[in-house]
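These are the residues of each chain, in order.
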Amino acid sequence: MPAIKTANRPDEWKIEQGLSGAVLPVLDMTGPKTKAIPPQEFGKLTKDEDAIKAVGDRNKLFKAERKGWKGYVEWEKYPEKKAAAHKILTSQTFPPNPEFQLGPIPGTNPVLPGTHWKMWHHAIGGELDAVPDDSWKLVLKEKHPDMLHLLQFPYNGEPPKRLVTDKEITPNSLHFVRNHGGIPIIDKENYSFTLDGLVAKPQTFTLDDLMDESRFPRMEKYVTIQCSGTRRIEQILKYPGQGDEVPQAPWAEGAIGTAKYVGISLKKVIKACGGLVGEGKHLELYGADTYFKDDKTMNYLVSVPWSKVKANEVMLAWEMNGEPLPRIHGYPLRVVVLGYIGARSVKWLYRIKAIETPSWAPVQSQEYLYFPQQVGKHNFKLTDGIQIQEMPVSSAIMSPWTKQVVVHNGAIRCKGWAYSGGGRWPERVELSADGGFNWYTVPLSKLSKKRAWTWRTWEMDLPCDVEGWVEIVCRCWDNALNTQPPDVRTAWNWGLHVTSSCHRISVYSVNKTKPLTRARMDEFDEKGVPFGPITVPLAWPSQGWDEYGEFWKKNGPRDAADE
């Protein structure tokens with residue numbers, strides 16, 4: 001066949017139908033004629049070896065900080081280190097991140113590799129050079145083999161749907177992980193953290209100090225931790241937004257987990273330091289992992305208000321589900337902030353600083369912001385966004401899955417979770433099989449135990465008489481009668497955070513209480529022909545010609561006679 005001469009690209013049809021949105025030109029309609037502006041293209045990668053060499057020996061600049069701490073660099077005390085790292089990063093260019101919102105999401109596990117973050121760690125070198133490989137080894141060692149690795153580094157992973165609510169308390173190996181940097185490997189015997197800033201008597205504490213029950217009473221809590229990215233994939237698939245592969249990993253419904261934590265109240269530790277002084281009203285929490293933002297390096301920093309700490313709702317925890325914290329979850333010591341966004345529960349804690357205002361560190365001031373719907377890349381300001389703290393009421397269907405065919409006898413077996421932050425709890429969970437017009441309440445006997453800081457898992461046989469495509473919807477009411485927005489458009493925001501809308505899935509209903517359906521399904525079984533996928537045409541005639549003829553004899557021809 002001779003080649004077709006055309007001005008079109010081979011994928012022209014996909015582009016025109018929005019299936020390759022990343023390559024669509026921007027249309028400039030500000031003038032009398034519309035102009036097509038092509039998207040950015042990345043040229044040749046560059047590297048100024050002399051500038052990088054002039055920074056100095058990276059193995060000395062970024063060497064191990066403390067005995068028994070591997071993969072940790074202290075950035076916050078040393079602006080000269082930050083300046084050196086910034087010079088290294090800005091003296092070279094890096095390949096672009098893969099586009100997965102306006103382009104295809106890879107069908108691999110890990111889904112996304114973390115291109116830039118691996119390269120940044122290797123570019124800085126020194127103590128950070130081995131962190132990507134060491135972190136991945138810990139993932140393989142500590143997490144369940146069936147985990148879905150959304151991002152290899154820094155590690156972001158969730159359990160598959162069938163295992164998310166398999167148990168009311170999430171096993172450690174199946175608890176989701178949202179890390180913001182590599183995993184520091186810290187020995188317990190060499191561990192300590194400092195509490196300073198606006199306190200009367202700054203002190204340093206070892207883990208043995210904290211575990212001394214004569215000084216600090218123990219605290220045990222069942223706590224659900226939820227990432228604000230939970231169910232982000234629903235926003236991405238309908239309305240893409242801000243992000244690259246790290247901050248906006250395509251989370252599904254599994255970025256939530258519940259565990260029993262053992263530790264002490266941060267309030268007691270502050271009391272041991274003589275309490276807050278001056279204008280101390282916020283506690284800045286420091287993690288030993290390295291975070292990158294705008295070609296700058298830093299430690300992971302966020303803050304929580306004193307009011308939250310004062311209410312004994314901030315824990316320093318060393319135990320998770322009866323075991324020492326896994327390294328991937330913050331060993332030896334992490335913060336657990338009850339009812340807040342997971343990003344505030346800092347792992348690998350090495351410092352707490354009492355300060356006057358919420359932290360200005362990037363994770364607090366530039367990330368995890370909930371923007372108004374008309375705010376985007378073209379016009380946003382940081383102060384437009386609400387800093388996310390308490391998580392709103394939310395829920396999700398874990399079974400069946402969207403686009404799944406369900407053969408049933410008048411009821412579809414469903415299961416899932418429901419959660420509300422801030423100390424509220426799910427009081428009622430409801431399901432609809434008709435897109436949200438009629439609702440059925442999940443029986444209380446099918447809901448897990450009610451606790452102030454945890455989710456409730458649920459199961460229900462949802463009545464469904466109709467056949468064909470149906471939309472199953474889930475919503476939760478918490479004890480303050482808060483409920484969920486009706487659809488994902490209501491929840492969409494430029495940052496793609498907090499998909500708290502009613503969870504909707506489309507399934508194909510095949511109801512065997514219908515005589516024709518039962519007979520047809522029996523026929524599939526007898527012939528040994530798989531029923532799925534439903535888009536494959538029927539493999540034999542659906543009706544005999546005798547029956548066909550009798551129908552038209554009885555009911556008249558297709559077109560009415562002109563009499």
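This one's a predicted model, so the numbers in the text were calculated from it and none came from an experiment.

## Comments concerning the pairing of strand β4 (residues 148–151)
As paired strands, β4 and strand β5 (residues 156–158) are joined by 3 bridges and run antiparallel to one another. Within β5, the residue paired with L151 across the bridge is N156. From the end of β4 to the start of β5, which pair antiparallel, there are 4 residues.

## Details of the UniProt feature "domain: Oxidoreductase molybdopterin-binding" (unreviewed entry) in the chain
Those places that UniProt annotates as "domain: Oxidoreductase molybdopterin-binding" (unreviewed entry) correspond, in this numbering, to residues 180–359. Taken end to end, residues 180–359 has its terminal C-alpha atoms 17 Å apart, with 13% of it in helix and 40% in strand.

## Topic: the packing of aromatic side chains
All told, the structure shown has 21 aromatic pairs when counted by the stated rule. Ring centres 5.4 Å apart and planes at 80 degrees place the aromatic pair W469 and Y508 in the edge-to-face group. Of the two residues, W469 is situated in strand β26 (residues 468–478) and Y508 in strand β27 (residues 503–511); the sequence distance between them amounts to 39 residues. Note on W469: relative accessible area 48%, which makes it partly exposed. Among the aromatic side chains, those forming a connected cluster through ring pairs are W69, Y72, Y191, Y286 and Y350. The aromatic ring of W439 is capped on one face by R475, whose charged end is 3.9 Å from the ring centroid. The side chain of R489 reaches across the aromatic face of Y239, ending 5.0 Å from its centre.

## Comments concerning the sheet that holds β4
With antiparallel pairing, 3 strands are arranged side by side in an open sheet as β4-β5-β6. Bordering the open sheet on either side are β4 and β6 (177–178), each of which pairs with just one other strand.

## Re the pattern of salt bridges
On inspection of all chains with the given rule, the structure shows 26 salt bridges. Its salt-bridge partner being K188, residue D208 comes within 3.9 Å of it at the nearest N-O pair. Residue D208 is located in helix α8 (residues 207–210), and its partner K188 is located in the loop between β7 (185–186) and β8 (192–197); the two are separated by 20 residues in the primary sequence. For D208, a relative accessible area of 51% translates into the label exposed. K188 sits in the partly exposed class, given a relative accessible area of 33%.

Calculation rules
- Residues numbered from 1 in each chain as written.
- Predicted model: local features only at pLDDT ≥ 70, side-chain atom pairs only at ≥ 80, totals over all residues.
- Heavy atoms only, no water.
- Pairing = 2+ DSSP bridges.
- Helix = DSSP H or I, 4+ residues; strand = E, 2+ residues; numbered from the N terminus.
- UniProt positions renumbered as here; feature names shortened; annotations may be inferred.
- Phe/Tyr/Trp six-rings, centres within 6.5 Å; stacked < 30°, edge-to-face > 60°.
- Buried < 20%, exposed > 50% of the residue type's maximum accessible area, 1.4 Å probe, protein only.
- Lys NZ or Arg CZ within 6 Å of the ring centre and 35° of its normal.
- Salt bridge = Lys/Arg side-chain N within 4 Å of Asp/Glu carboxyl O.

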